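Structure assessment
If you want the building blocks of each chain, they are given just below.
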Amino acid sequence: MRSSSDFSWWPSWRPTSMSLLKTAESKILARIQNNLWARFVKLPNQDRIWTLTLTNKTVHKPAEEPPKTPLVMVHGFGGGVGLWVRNLDGLSRSRPVHAFDLLGFGRSSRPHFPSDAAKAEEQFVDSIERWRQSVGLESMILLGHSLGGYLATSYAIQYPTRVSHLILVDPWGFPERPKAENQESQGTEAVKTFRPPRWVKVIAGIVSFFNPLAVIRAAGPWGPGLVNRFRPDFRRKFEDLFDDDTMTQYIYHCNAQTPSGEVGFRAMSESLGWAKRPMLQRVHLLPPSMPVTMLYGAVSWVDSSSGDKAAEIRGKAHTRVMLIDDASHHVYADQPETFNKVVENI
């Protein structure tokens, strides 16, 4: 099988660069009203994590008031900090908010990832812990979306004293993949349990041969148009903020760079719908004292019954499962006001 290095001629053919990604992101972040500090956080191994820190510019707390536990937001597969544009101001009204590009995604460093699922997961989780140490956070409210939810849970299992509340938004990788014979015997039930949208099916058909987003890079100058065609929802979700293709350009430039994090994701997944190491097999390792809230889009392709199973596994531990009406997988963008209110209440 060919590796990404076999296609070293692609960069000159595809219309992307880190500079173009920076430009697209800058246009998005210009919408932020609160105090914003954007910088690279260098890890001990010299990897760099692109990080945003937001604080409320209008509220000055009394000196004697203890600082509030910060909220840390972890994006999903193929995403980046720019996707939180509808949430950062609202959520930073009451406490500091940190958002970062996962290792191997967005503007963060893009190192080599191992092909072993457990080792790839550990590389992601280790980078989050080293990031926390470098930023100097003692504890945090940890929020993860999709792949970010999976990694946030893994992190909370390994570093429970650092997480005061775990918020999982349409998390990927929780259920076990049904066996073929079960799918046949259950018929429509199996289909109902997992019915991904068209773009997921298209990418899933490619993933067994290449890295998941190789098609975007292979499309060269047609790559941006491909993103617009298969993910028109991203433009619609943010159309009141941008009347052009700013968001799809951002998504394109996030994912047309040299593959790294997606290599780690591919190592961790059997297909885009299933994890090799399902998280439901490990949620019992979360300490009972750690509150967990699981937010699902009511019309998402991610099955919310995994949340109910997680609550059942955790028994008397605080586990709350909530569905947000009229929201798909990208809950935070589909219903930002409701999402922000729910998170603020937490």
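Residues numbered from 1 in each chain as written. Predicted model: local features only at pLDDT ≥ 70, side-chain atom pairs only at ≥ 80, totals over all residues. Heavy atoms only, no water.

The name an unreviewed UniProt entry gives the chain is (Lyso)-N-acylphosphatidylethanolamine lipase, with Oryzias sinensis as the organism.

1. A short note on empty space enclosed by the protein
The tally for this structure, following the rule as stated, stands at four cavities of 30 Å³ or more. Along the lines of polarity and charge, the residues of the lining of the second largest cavity split into six nonpolar, one polar and two charged. (1 Å grid on protein atoms, 1.4 Å probe; cavity = no way out; pocket = protein on both sides within 12 Å on 5 of 7 lines; lining within 4 Å. Points joined across faces, edges and corners; volume = space filled by probe spheres on them. Nonpolar A, V, L, I, M, F, W, Y, C, P; charged D, E, K, R; others polar.)

2. Some details on the packing of helix H3 (residues 117–135) against helix H4 (residues 147–158)
Across the interface, H3 lies against H4 with an axial gap of 10 Å and an inter-helix angle of 70°. When the axes of H3 and H4 are compared, the pair comes out roughly perpendicular. Remark: the crossing between H3 and H4 carries right-handed chirality. Across the interface between the two elements, Glu-121, Glu-122, Phe-124, Val-125, Ile-128, Glu-129 and Arg-132 from H3 touch Tyr-150, Leu-151, Ser-154, Tyr-155 and Gln-158 from H4. In terms of residue class, the contact of H3 with H4 is made up of six nonpolar, two polar and four charged. (Axes fitted to C-alpha atoms, helices over the stretch in contact; angles between N-to-C directions. Helix = DSSP H or I, 4+ residues; strand = E, 2+ residues; numbered from the N terminus. Parallel < 35°, antiparallel > 145°, perpendicular 65-115°, else oblique. Left-handed = near helix turned anticlockwise from the far one by under 90°. Contact = heavy atoms within 4.5 Å.)

3. Here's the deal with the environment of Thr-23
With respect to the helices and strands, the residue Thr-23 is situated in helix H1 (residues 18–29). Counting along the chain gives 226 residues from Thr-23 to Gln-249, while the straight-line C-alpha distance between them is 10.0 Å.

4. Remarks on H4
Here H4 spans 17 Å end to end across twelve residues, near enough to the 16 Å set by a 1.5 Å rise per residue. Every buried residue belonging to H4 is among Leu-147, Gly-148, Gly-149, Tyr-150, Leu-151, Ala-152, Thr-153, Ser-154, Tyr-155, Ala-156 and Ile-157, and all of these are buried. If you follow the buried residues of H4, they end up packed against strand E3 (71–74), H3, strand E5 (140–145), strand E6 (163–169), helix H12 (261–268) and strand E8 (274–275). (Expected span 1.5 Å × (residues − 1). Buried < 20%, exposed > 50% of the residue type's maximum accessible area, 1.4 Å probe, protein only.)

5. Observations concerning the nonpolar core
Residues Phe-100, Trp-131, Leu-142, Leu-151, Leu-166 and Met-268 are the most contacted members of the largest nonpolar core, which totals 45 residues. Of all the secondary-structure elements, those providing two or more residues to this core are E3, H3, E5, H4, E6, H12 and strand E9 (292–297). No other element matches H4, which puts seven residues into this core. Ignoring sequence-local partners within four residues, the contact set of Phe-100 consists of Ile-49, Trp-50, Thr-51, Val-72, Met-73, Val-74, His-75, Val-81, Ile-128 and Trp-131. By size, the runner-up hydrophobic cluster in this structure holds 39 residues, among which are Trp-50, Leu-83, Leu-91 and Ile-324. (Core = buried A, V, L, I, M, F, W, Y, C linked by side-chain atoms within 4.5 Å.)

6. Observations regarding the pairing of E9
Within a regular beta strand, the side chains point alternately toward one face of the sheet and then the other, so they alternate between its two faces. Most of E9 is tucked away, with six of its six residues classed as buried. The two faces of E9 match: Val-292, Met-294 and Tyr-296 on one face and Thr-293, Leu-295 and Gly-297 on the other face are all buried. As defined by bridge partners, E6 adjoins E9 across four bridges and the pair is classed as parallel. Its bridge partner lying in E9, Ile-167 is registered against Thr-293. Judged from the six bridges that link them, E9 and strand E10 (residues 319–324) form a sheet pairing that is parallel. Residue pairing for E10: Val-292 is matched across the bridge by Thr-319. Following the chain from E9 across helix H13 (residues 305–314) to the adjacent parallel E10, one finds a crossover that is right-handed. (Pairing = 2+ DSSP bridges. Right-handed = clockwise from strand over helix to strand, strands pointing away.)

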